[in-house]
Amino acid sequence: GAVVSQHPSWVICKSGTSVKIECRSLDFQATTMFWYRQFPKQSLMLMATSNEGSKATYEQGVEKDKFLINHASLTLSTLTVTSAHPEDSSFYICSAKKDRVADTQYFGPGTRLTVL
Amino acid sequence: AQSVTQPDIHITVSEGASLELRCNYSYGATPYLFWYVQSPGQGLQLLLKYFSGDTLVQGIKGFEAEFKRSQSSFNLRKPSVHWSDAAEYFCAVGASGGSQGNLIFGKGTKLSVKP
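It should be emphasised that the depicted structure is a prediction, and the values quoted were computed from it without experimental measurement.

Caption draft 1: Structural context of the overall build of chain A. Within chain A, the secondary structure is distributed over zero helices and eleven strands. Along chain A, from the amino end to the carboxyl end, the secondary structure elements read β-β-β-β-β-β-β-β-β-β-β. Taking 13 Å as the expected radius of gyration for a compact globule of 116 residues, we find that chain A reaches 13 Å, a close match to that expectation. Here chain A holds 116 residues, and the buried ones make up 53% of them. Long-range contacts, defined as pairs at least 24 residues apart, comprise 56% of the intrachain contacts of chain A with a sequence gap of at least 6. Split by element, the accessible area of chain A, about 5,500 Å² in all, is 54% carbon and sulfur. Of the charged side chains in chain A, 12 are positive and 10 negative, and the gap between their average positions amounts to 4 Å.

Now the structure itself:
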C-alpha cells in the first residue's frame, strides 16, 4: 500500500496564533509532497509542491511567509500556518508521490483548521 | 493550460442503477488521468488511473473509466450503484513526461444514491 497520514485531523485556534500540520508517508519514501486547500463544496487547490531537502515551490497567490512548508525527511512534510486568521479556516490536504516523475499521488485524510 | 471539466455538479441515482460521471480535459500532450473519491470530511481515495495502454481501465469498488482521446474524455462508470457510493468524485489530470506531476482537479461531482 501507500498510506499517508496527517496530524492533527482537526484543530481550532485563536486568531494570531500559528498552527503546524504534519503529513507523513507511512510505508514509502516520498520525494515529493503536495499541499492542497479545499474550501467547502469546492475542489482542491494546489498551494505548494515540496521536494525533500529543497525549498517548496508555491503556487501563484499563495503567501510563502504565511504558509511555511518544510520537507525535512523523505517521510515528513509540515505546513505551518503563521499568524492564522479566520479566512485561513479551511480543509488542508497533503499528498505524496513515490518518485519525481509523474506518478500517482496518495492523499492524506486532511486537516480541518478553524480559526476563531 | 491544463484544465478539467466535470459538467455535472450533482447527480442522483437509484441504488442498483448504472452510473456515469463525465470528465473532459484539456491538455496538449498525453495526459495522466485519475478519478478520486472523497467522503465527507475525508481525504481522497484513488479509484483508478490511466497512464497508457488499454483505454478501458478498471478500478476499485467496481468502477471503470474509458479514455477517449478523440473526445478528450475520461468518464467514470459503474454498472450498479450501492448506497455506500454516495460521495464526491473528482477527476484530475496530471502532467506527463517527467515533470513534478502536479494534478489539476475538476470541481467535482456529488453523487447521491436513492434507496
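Caption draft 2: Structural view of the overall build of chain B. Broken down by element type, chain B carries zero helices and twelve strands. Going from N to C terminus, chain B has its helices and strands arranged as β-β-β-β-β-β-β-β-β-β-β-β. Compactness check: chain B gives a C-alpha radius of gyration of 14 Å against a globular reference of 13 Å for 115 residues, within 12% of the reference. Principal-axis analysis of the C-alpha atoms places the extent of chain B at approximately 45 × 30 × 20 Å. Sequence separation of at least 24 residues holds for 54% of the intrachain contacts in chain B that already meet a minimum separation of 6. By element, 49% of the accessible surface of chain B is carried by carbon and sulfur atoms, the whole surface being about 5,400 Å². Here chain B carries 10 positive and 8 negative side-chain charges, and the mean point of each set is 4 Å from the other.

Caption draft 3: Structural view of the side chain of A:His71. All names here are of chain A. Here His 71 is to be found in strand 7 (residues 67-73). Residue class for His 71 comes out buried when judged on its relative accessible area of 5%. A distance of 3.2 Å separates a polar side-chain atom of His 71 from the backbone oxygen of Ser 73.

Caption draft 4: Region of interest: the state of the cysteines. Applying the stated criterion to the full structure yields two disulfides over all chains. Across the disulfide, A:Cys23 is cross-linked to A:Cys94 (sulfur-sulfur distance 2.0 Å). Given an S-S torsion of about 80 degrees, the disulfide between A:Cys23 and A:Cys94 has right-handed geometry. Separated by 71 residues along the polypeptide, A:Cys23 in strand 3 (residues 19-25) and A:Cys94 in strand 9 (residues 90-97) bring together distant segments of the chain. In this model, B:Cys23 is linked to B:Cys91 through a disulfide, with the two sulfur atoms separated by 2.0 Å. Given an S-S torsion of about -65 degrees, the disulfide between B:Cys23 and B:Cys91 has left-handed geometry. Placement of B:Cys23 in the loop between strand 3 (19-21) and strand 4 (24-26) and of B:Cys91 in strand 10 (residues 87-94) is noted, with a sequence separation of 68 residues between them.

Caption draft 5: Summary view of the sheet that holds strand 3 of chain A. All names here are of chain A. Within the open sheet, the four strands sit side by side as 1-3-8-7. Their pairing is antiparallel. Edge positions in the sheet fall to strand 1 (4-7) and strand 7, since each has one partner strand and no second. The sheet shows a mean angle of 15 degrees between the axes of neighbouring strands, direction not considered.

Caption draft 6: Representation of the packing of aromatic side chains within the structure. All names here are of chain B. On inspection of all chains with the given rule, the structure shows 16 aromatic pairs over all chains. Ring geometry for Tyr 50 against Phe 74: centres 6.4 Å apart, planes inclined by 45 degrees, an arrangement best described as tilted. Of the two residues, Tyr 50 is situated in strand 6 (residues 44-50) and Phe 74 in strand 9 (residues 73-78); the sequence distance between them amounts to 24 residues. Exposure remark for Phe 74: the relative accessible area of 0% places this residue in the buried category.

Thresholds applied
- Residues numbered from 1 in each chain as written.
- Chains lettered and ligands numbered in written order.
- Predicted model: local features only at pLDDT ≥ 70, side-chain atom pairs only at ≥ 80, totals over all residues.
- Heavy atoms only, no water.
- Helix = DSSP H or I, 4+ residues; strand = E, 2+ residues; numbered from the N terminus.
- Rg over C-alpha atoms; globule rule 2.2 N^0.38 Å.
- Buried < 20%, exposed > 50% of the residue type's maximum accessible area, 1.4 Å probe, protein only.
- Contact = heavy atoms within 4.5 Å.
- Areas by Shrake-Rupley, 256 points an atom, 1.4 Å probe, with all protein chains shown as cover.
- Lys, Arg positive; Asp, Glu negative; His and termini not counted.
- Charge placed at Lys NZ, Arg CZ, Asp CG, Glu CD.
- Polar contact = N/O pair within 3.5 Å; in protein donor to acceptor, adjacent residues only side chain to side chain.
- Disulfide = S-S within 2.5 Å.
- Pairing = 2+ DSSP bridges.
- Axes fitted to C-alpha atoms, helices over the stretch in contact; angles between N-to-C directions.
- Phe/Tyr/Trp six-rings, centres within 6.5 Å; stacked < 30°, edge-to-face > 60°.

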